[in-house]
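# Summary of structural features
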Amino acid sequence: MVLTSEQLLQTDAQILKTKHKKQRQRNRPRNKRNRLEDSNLTTPETSTTDSASAMPENQDAGATEKPRDQIMAEREAKKLAKQAKKQNKPSAPATPATPATKIITEVEQTTITTKLTTTTTTKAQEKANSLAPKTAPALLANGKEAETGEMSREMIKAEREVRKAAKKAGKGAGAKVEATTQQLAALKVGDKAPGTAKAALPITEEDHEKKKPVLSKAERRAVQEAQRAAKAQGQVKKGQPAGKAPSSAAPSKEAKRESVSPTKAATGSSSPSKCPASTPNGECRVKLFNHLVCAKADSQFINDPLVHPSIARLGVQYAKRTVVGSNARCIAFLHALRQVVHDFETPAKKEFGRSLDAAVKHHVDHLHKCRPLAVSVSNAYKQFKNQLTQLPSDVPETELKELLGHFIDTYIENQIGKAAQAISGFLQEKITDGDVLLTFACSSLIQFICEEAKRRQVAFRVIVVDSRPGCEGQEMLRRLHAYGIPCTYVLINAVGYVMAEATKVLLGAHALLANGYVMARTGTAQVALVANAHNVPVLVCCETHKFSERFQTDAIVYNELSDPNQLVRGDKCQLSNWKAKGKLMPLNLSYDITPPELVSAVVTEVAILPCTSVPVILRIKPDIGY
């Protein structure tokens, strides 16, 4: 068959129209009405194209579109046939149908017949394509599509009415969208009326509330606590044997809360479960001070063959407080260290410097077990380690030992001896006739300054303030009185009465921290506070080898615990049987912290400086002394 040019133009125009319509159909929303209209529009076009075209492209397009329409029609016909069978059952009682249901049933009957006819016609068309011309099936399809288009409008109207009724019922009962969709899906057209659908809504709401109950915050917390208690009971049952009953969950909760918040345990409570740390001896320690180190009585008697006898002896002296004071402890440590270096023998195939460093570290650890190291001792050990790294490697061992011994002697002479002389020289200009110097506890540096002023024949007197339990001021009083200096001895509770007589307050220091705070014997901060209230200048005498890079604003972060038995005065004291009381632990702190606001100046071998100049001294220290 030969096509003319006019026929080709018509077929091209029809193909373009179909393409544009298909594009529009893709962009439109895919609801039921649009699908039906699309099927109405596509069937005549496809029939005309099938009758007029002999090209393979159009034949393939028609072949691909027919199976889809057939499948959709067959599925809808099956669904409607099933519903029709259910309606025609004799056992079902006859119920009066509403207008909406009547419309739906009529529409369903018509759609069943139309769908069946469309399926038969499509099958007949497939058989007659090879024999009969294609114009007649096209006309039949056009007539049937017009009928299905009219029927589809009635179906759409009926569905809209059902949806409106369901929405009104959902709004009145407060039902959710999920409940309405479930009802629409389960609704049978011929068996139930809209009234039954409305009655089914509250049942679904009750079921939904039972599945997901709404709980308040208090109820949720109660549920969580009950779950935790059940878990705790399960753990206790697993840990205990079958004969014992599981303990209650309340003590476990209290223990967990105490471990999380140590400040609550520090405030103290009457329950024995809230005692934070109980030792085997019955001691109860507060968590606020649990990190502080207290030397044990048996630590100095460790029989270690690697510890030198001089270090072992020094450890016993540290533990028994025979050697007291920052300078005295530093000097004793350096003398014992010189003996260790003198007796040290380098192992075979080992370097002298590294092997000696390991040995010295072991000895320092032993001293730390006996008593925590002072800041002066720590600084001296650091300088000794630095000197070990600078030893030459091509020098005999004997000469290296001599170099280390010379370093120890020069350190004691420069950092302690000459520093004391320089500090005394700065203060001699401040001490005049008639001065009353007030000092606290015992300080070898303050003693040296007072003896130097007496040697210059200055008429002055000293007030020695002391405090328990150490009573170190008694030793200071004995030394000054032996040198012929007039002294007055009072305890710290009377410092407010004698402060009015003092003209200057001279205080020693255990260490001077990098933020300007002074770490000294317990009671120093109280004396400085009273002096500040009476407008008496407070001068702290401290060598630079006691300067520390540590920052501290209170006496709790870092401190040393002394023997708590020192606070017991005798058998008549109420603390005499404190070990028998399970919830009592005497606290005996060795040092306190004095803020820089209470200190007028710090007298060092470099100059008289404010407390805030400590970082500057630490920065320039290697250039001026070490």
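This section reports on the structure supplied with the text. This is a predicted model, so every value here is computed, not measured.

This part is about empty space enclosed by the protein. The full count for this structure, using the stated rule, is two cavities of 30 Å³ or more. Arg 329, Pro 372, Leu 373, Ala 374, Val 375, His 510, Met 519, Tyr 558, Asn 559, Glu 560 and Tyr 591 are the residues that line the largest cavity. For the lining of the largest cavity, the per-class residue count stands at seven nonpolar, two polar and two charged.

Here the focus is the sheet that holds strand S8 (residues 511–512). Strand pairs in the sheet, formed through backbone hydrogen bonds, run parallel or antiparallel to each other. Strand order in the open sheet formed by three strands is S8-S9-S12, with antiparallel pairing between adjacent strands. On the outer flanks of this sheet lie S8 and strand S12 (591–594), each paired with one strand and no other. Bridge analysis of strand S9 (residues 518–521) against S12 gives four bridges, and the strand direction is antiparallel. For Met 519, the partnering residue across the bridge sits in S12 and is Ile 593. Across the sheet, helix H19 (residues 524–533) is in contact with S9 and S12; its angle to S12 comes to roughly 30°.

To continue, consider the side chain of Thr 439. For Thr 439, the location among the structural elements is in strand S4 (residues 435–440). Within the structure, Thr 439 has its side chain in polar contact with the backbone oxygen of Leu 506 (distance 3.2 Å). Excluding its chain neighbours within four sequence positions, the residues that come into contact with Thr 439 are Ile 446, Val 462, Ile 463, Val 464, Val 465, Met 476 and Leu 506.

What follows is about the packing of helix H13 (residues 352–370) against helix H14 (residues 375–389). To describe two helices that pack against each other, one gives the angle between their axes and the distance between the axes. Direction vectors running N to C along H13 and H14 enclose 165°, while the axes themselves pass 10 Å from each other. Considering the angle they form, H13 stands roughly antiparallel to H14. Read as a crossing pair, H13 and H14 show a hand that is left-handed. Where H13 abuts H14, its residues Gly 353, Leu 356, Asp 357, Val 360, Lys 361 and Val 364 lie against Tyr 381, Phe 384, Lys 385 and Leu 388. In terms of residue class, the contact of H13 with H14 is built from six nonpolar, one polar and three charged.

With mixed pairing, seven strands are arranged side by side in an open sheet as S6-S5-S4-S7-S10-S13-S14. Each of the sheet's edge strands pairs with one partner strand only, and the pair in question is strand S6 (487–491) and strand S14 (608–609). Pairing of strand S7 (residues 504–507) with strand S10 (residues 538–541) involves three bridges; the strand directions are parallel. Residue Leu 507 lies in a different strand from S10, and its bridge partner there is Val 540.

Let's shift gears to the nonpolar core. Counting residues in each nonpolar core, the largest one holds 35 residues, and the members touching the most others are Phe 333, Leu 334, Leu 356, Phe 384 and Leu 404. For this core, the secondary structure elements donating two or more residues are helix H11 (309–319), helix H12 (326–343), H13, H14 and helix H15 (397–428). Every residue in contact with Leu 404, bar those within four places of it in the chain, is listed here: Val 341, Phe 352, Leu 356, Phe 384, Gln 387, Leu 388 and Leu 391. Residues Ala 420, Val 458, Val 464 and Cys 541 belong to the second largest nonpolar core, which totals 22 residues.

Evaluated as defined, the whole model comprises two aromatic pairs. Considering the side-chain rings of Phe 344 and Phe 352, the 5.9 Å spacing of their centres and the 65° angle between planes classify their relative orientation as edge-to-face. Judged by relative accessible area, Phe 344 falls into the buried class, the value being 13%. In this structure Phe 352 comes out as buried when scored by relative accessible area, which is 8%. Their ring planes at 45° and their centres at 6.2 Å tell us that Phe 407 and Tyr 411 sit as a pair that is tilted.

Two side chains that carry opposite charge are able to pair once their charged atoms sit near each other. For the coordinates displayed, the defined rule picks out 13 salt bridges. Arg 461 is the salt-bridge partner of Glu 501, the closest N and O atoms lying 3.0 Å from each other. Of this pair, Glu 501 sits in the loop between helix H18 (495–498) and S7 while Arg 461 sits in strand S5 (residues 460–466), and the two are 40 residues apart along the sequence. Judged by its relative accessible area of 42%, Glu 501 is partly exposed.

Conventions and cut-offs
Residue positions are counted from 1 within each chain, in the order its sequence is given. In view of the model being predicted, local features appear only for residues whose pLDDT reaches at least 70, and side-chain atom pairs are presented and counted only at 80 or more, with totals across whole chains, interfaces and linings using the full set of residues. Values reported for side chains reflect all heavy atoms of the structure, with hydrogen atoms and water molecules removed beforehand. Buried and open spaces are told apart on a 1 Å grid over the protein atoms alone, a cavity being a set of points where a 1.4 Å probe fits but cannot get out and a pocket being an open set with protein on both sides within 12 Å along at least five of seven lines. Residues with an atom within 4 Å of a point are the lining residues. Grid points are joined across faces, edges and corners, and a volume is the space filled by probe spheres set on the points. All residues other than Ala, Val, Leu, Ile, Met, Phe, Trp, Tyr, Cys, Pro, Asp, Glu, Lys and Arg, Gly among them, are scored as polar; the first ten of these are nonpolar and the last four charged. Paired strands are those between which DSSP finds at least two bridges. Starting at the N terminus, helices and strands are each numbered in turn, a helix being any DSSP run of H or I of at least four residues and a strand any DSSP run of E of at least two. By definition in these notes, contact holds between two residues if any of their heavy atoms fall within 4.5 Å. Lines fitted to C-alpha atoms define the axes here, with helix axes fitted over just the stretch in contact, and angles between the N-to-C directions of these axes take values from 0 to 180 degrees. Side-chain atoms alone can form a polar contact between residues adjacent in sequence; in general such a contact is a pair of N or O atoms within 3.5 Å, and within protein one must be able to donate a hydrogen while the other accepts it. Each angle is binned into one of four classes, with values under 35 degrees roughly parallel, values over 145 roughly antiparallel, values of 65 to 115 roughly perpendicular, and all other values oblique. The handedness criterion is simple: a crossing whose near helix is rotated anticlockwise from the far helix by less than a right angle is left-handed, and one whose near helix is rotated clockwise is right-handed. Throughout this description, the term nonpolar core refers to a set of buried Ala, Val, Leu, Ile, Met, Phe, Trp, Tyr and Cys residues connected via side-chain atoms within 4.5 Å. Relative accessibility thresholds used throughout: buried, under 20% of the residue-type maximum; exposed, over 50%; partly exposed, between the two (1.4 Å probe, protein chains only). Working definition: a ring pair exists when centres of Phe, Tyr or Trp rings (six-membered ring for Trp) sit within 6.5 Å. Plane angles under 30 degrees give stacked, over 60 give edge-to-face, the rest tilted. By salt bridge we mean one thing: a side-chain nitrogen of Lys or Arg within 4 Å of a carboxyl oxygen of Asp or Glu.

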